[in-house]
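Overview (structure and organization)
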Amino acid sequence: MASDKWKQLPWKKFQRIVFRLQRRIWKAQKANNYRLVCQLQKLLLRSQAAKFLAVRQVTQLNKGKKTAGVDGIKSLSPQQRLNLVLKLDVNQWQHQSLRRVWIPKSKGERRGLGIPTIADRAHQSLLKIALEPACEAYFSAASYGFRPGRSTLDVQKKLFHNLRSQSHGITKSILEMDIEKCFDQINHRFLMSQISLPPQAKQALWKALKAGVQTEFPTSKQGTPQGGCISPLLANIALHGLADLGTGYRYADDCVFILKPTDNPEKLRHKIDEFLAIRGLRVKETKTKLVAATEGFDFLGWHFRVKGNGKFISTPSDKNYSRIQENIKTTLKNSKFKLEARINKVCLMVRGWRNYHKHCDMNDHNLWFTRYWSWKFIRQQGRFNRRETDQQIDRAFPSVSWSVNKFVNVIATKSPFDGDLAYWSQRKSNQYNGHTIRALKRQGYKCGECSLAFLPEDRVELHHIDGNHHNWKNKNLVALHQECHQGQEVHSFSRQQR
């Protein structure tokens, strides 16, 4: 059967082949050996291992794997995946038009996503596999968005170092800025001038950038389509160097600059405008302002402020706090799902929110009123008595320990492609707690199935060996890669029984 053939492919071998080539590309780019970089990228783009991993990424692992493009195809069978691997050839790639999807934003605004077909996403993923290690060799240490091994928590800790009392943060000011329609306005010619790829692959990427949106416009004159897996990498290439214009920190198209009393904000702003103009971009004036550190500012879902006594504090922003409260209430009121399913969704939502904010001050953001509202709502459904409702609420609002500013920043010179697997695997494991971190320690921070180290982009999942999710004994738990977890026979059997 095709499904068995797909599962039995040597995925461990594929990962090792691809990572070895990516590491060589990173080292060659570090040494400015552009000819070798190009040769290695050609090898990687022709590699069957890379093609299999690219198809698996877009059809099984990505969050948007069930989203259809203009062809209406939402998923592929194992046989169709095998056929797609055979057809995957960047040099012969003809990108189809994009399907427009509108995402609501605050204040009634909408953001347009351009969704490629599954085949186009697989080609993009293959290009990203070859392009990303070369970019990671020179990307700025102050850039943290959509990069392997870096996260918003790195930005949070950097702001703490710059604004705490030892750094005289009380005397500093902050230039908040946002780029207007960044993904839609990037100049194509400038972007291509910054990309290092073999000529045919580069030409294919140029055609992909020019793919228009179905029913809207046949050809794209500028920008990168939000919705494609390579778009964040292309945006990082275009904005490389922005944060280095001052003491700045960038996460995708959001950026803040820390100014000392002697710094000239007008001069900095002029340099920023010149930098962006070359790329066809400009600052969004309504979201750009200069504030004192004591006044405070919002960034990446947090509110940062230096108190009058010089102490730095970070908390969830009011907007972020209101959003989680609204989402919890909306989820519980959604009668399309059973009450137990709604409670499970709230549990995942609350745990994720508290984990995101676990390194800031949560004293005034404990969701107590939302928890009380949820208790009354569940009680009114008539399904549980008071004691059972208490149990359901404890499950819906799991506690997560928090410690202010205890996050450890990534070493600026480190890259996942440098080969230091011990560093990156242990750092990845630090994102988890409870049963998962205990399983990771027992396994030496390696996958219990394929024995490969966990890299920054890997997702760790906890597997119950006997298939019983109520059996939490240590001997029944093993930490696996997401893709290794999907292939476990006990889960395949249980799905067939449903």
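An account of the accompanying structure is given in this report. What you are looking at is a predicted structure, and each value in this text was computed from that prediction instead of being measured.

Quick look at the overall build of the protein now. Each helix and strand counted, the protein has 20 helices and 13 strands in total. Here the protein has a C-alpha radius of gyration of 24 Å; the compact-globule value for 498 residues is 23 Å, and the two agree. Seen through its C-alpha atoms, the protein measures out along the principal axes to roughly 70 × 65 × 50 Å. The buried share of the protein, reckoned over its 498 residues, is 50%. Within the protein, residue pairs in contact and separated by at least 24 positions form 69% of the contacts whose partners lie at least 6 positions apart. Surface accessibility of the protein: about 25,500 Å² in total, with carbon and sulfur atoms responsible for 49%. Averaging the coordinates of the 85 positive side-chain charges in the protein and doing the same for the 40 negative ones gives two points 5 Å apart.

Viewed as axis vectors pointing N to C, helix α13 (residues 318-333) and helix α14 (residues 339-356) meet at an angle of 165°, and their least axial separation amounts to 8 Å. Taken together, the axis directions place α13 and α14 in an arrangement best described as roughly antiparallel. By crossing handedness, the relation of α13 to α14 is classed as right-handed. Of the residues in α14, those touching α13 at N320, Y321, I324, N327, I328, T331, L332 and K333 are R342, I343, K345, V346, M349, V350 and W353. Here the residues of the contact of α13 with α14 sort into nine nonpolar, three polar and three charged.

One way to put it is that helix α2 (residues 11-30) packs onto helix α4 (residues 48-61) with a least axis distance of 9 Å and a crossing angle of 110°. The angle between the axes of α2 and α4 places the two elements in the roughly perpendicular class. Relative to α4, α2 is oriented so that their crossing is left-handed. Residues W11, F14, Q15, I17 and V18 of α2 lie in contact with α4, whose contacting residues are A49, A50, F52, L53 and R56. For the contact of α2 with α4, a count of residues per class yields eight nonpolar, one polar and one charged.

Right, let's get into the packing of aromatic side chains. Scanning the entire structure with this criterion turns up 17 aromatic pairs. Measuring from ring centre to ring centre gives 5.6 Å for W11 and F14, while their planes differ by 90°; the resulting arrangement is edge-to-face. Taken together, the positions of W11 and F14, both in helix α2 and three residues apart, correspond to about one turn of that helix. Classification of W11 as buried rests on a relative accessible area of 11%. With 5.7 Å between their ring centres and 15° between their planes, W368 and Y372 make a pair best called stacked. Placement of both W368 and Y372 in helix α15 (residues 368-380) is noted, with a separation of four residues, approximately one turn of the helix. W368 gets classed as partly exposed once you look at its relative accessible area, which sits at 48%. For Y372, a relative accessible area of 43% gives the class partly exposed. Among the aromatic side chains, those forming a connected cluster through ring pairs are F160, F297, W302, F304, F312 and Y356. Of note, R279 hangs over the ring of F275, and the distance from its end group to the ring centre comes to 3.6 Å. Geometry around F337 places K345 over its ring, the cationic atom sitting 3.5 Å from the centre.

Strand order in this open sheet of three strands is β9-β10-β11, and the pairing throughout is antiparallel. Only two strands of the sheet have a single neighbouring strand rather than two, namely β9 (297-299) and β11 (312-316). Neighbour-to-neighbour, the strand axes of this sheet turn through a mean angle of 30°, independent of strand direction. Across three bridges, β9 lies against strand β10 (residues 302-306) in antiparallel orientation. Directly across from F297, in β10, lies its bridge partner F304.

What follows covers the sheet that holds strand β7 (residues 254-259). With antiparallel pairing, the four strands of this open sheet are ordered in space as β6-β7-β3-β8. In the strand order of this sheet, the two ends are held by β6 (248-251) and β8 (289-292), each with one partner. Taken pair by pair, the neighbouring strands of this sheet meet at an average axis angle of 20°, ignoring direction.

The next point concerns the pairing of β7. Within β7, five of the six residues are buried, leaving the element largely enclosed by the surrounding structure. In the sheet, strand β3 (residues 173-178) pairs with β7 via six bridges, with the strands oriented antiparallel. Counted as the bridge partner of M177 is C255 from β7. Direction of pairing for β6 relative to β7: antiparallel, over a ladder of four bridges. Pairing of G248 across the sheet is with F257, part of β7. Here β6 hands over to β7 after two residues, with A252 in that stretch at a positive phi of 60°.

On to unusual backbone geometry. Non-glycine residue L300 carries a positive phi angle of around 60°. Tracing the sequence through the fold places L300 in the loop between β9 and β10. Classification of L300 as buried rests on a relative accessible area of 17%. With phi around 55°, N405 is a residue other than glycine that occupies positive phi space. Following the sequence through the fold, N405 ends up in the loop between α16 (386-396) and α17 (421-429).

Together, K105, R111, K287, K319 and R323 give the surface a local cluster of positive charge. One can find K105 in the loop between β1 (99-104) and β2 (110-115).

Rules and cut-offs
Residues numbered from 1 in each chain as written. Predicted model: local features only at pLDDT ≥ 70, side-chain atom pairs only at ≥ 80, totals over all residues. Heavy atoms only, no water. Helix = DSSP H or I, 4+ residues; strand = E, 2+ residues; numbered from the N terminus. Rg over C-alpha atoms; globule rule 2.2 N^0.38 Å. Buried < 20%, exposed > 50% of the residue type's maximum accessible area, 1.4 Å probe, protein only. Contact = heavy atoms within 4.5 Å. Areas by Shrake-Rupley, 256 points an atom, 1.4 Å probe, with all protein chains shown as cover. Lys, Arg positive; Asp, Glu negative; His and termini not counted. Charge placed at Lys NZ, Arg CZ, Asp CG, Glu CD. Axes fitted to C-alpha atoms, helices over the stretch in contact; angles between N-to-C directions. Parallel < 35°, antiparallel > 145°, perpendicular 65-115°, else oblique. Left-handed = near helix turned anticlockwise from the far one by under 90°. Nonpolar A, V, L, I, M, F, W, Y, C, P; charged D, E, K, R; others polar. Phe/Tyr/Trp six-rings, centres within 6.5 Å; stacked < 30°, edge-to-face > 60°. Lys NZ or Arg CZ within 6 Å of the ring centre and 35° of its normal. Pairing = 2+ DSSP bridges. Patch = residues over 30% accessible without salt bridge, like charges linked within 9 Å, V, L, I, M, F, W, Y side chains within 5 Å. Salt bridge = Lys/Arg side-chain N within 4 Å of Asp/Glu carboxyl O.

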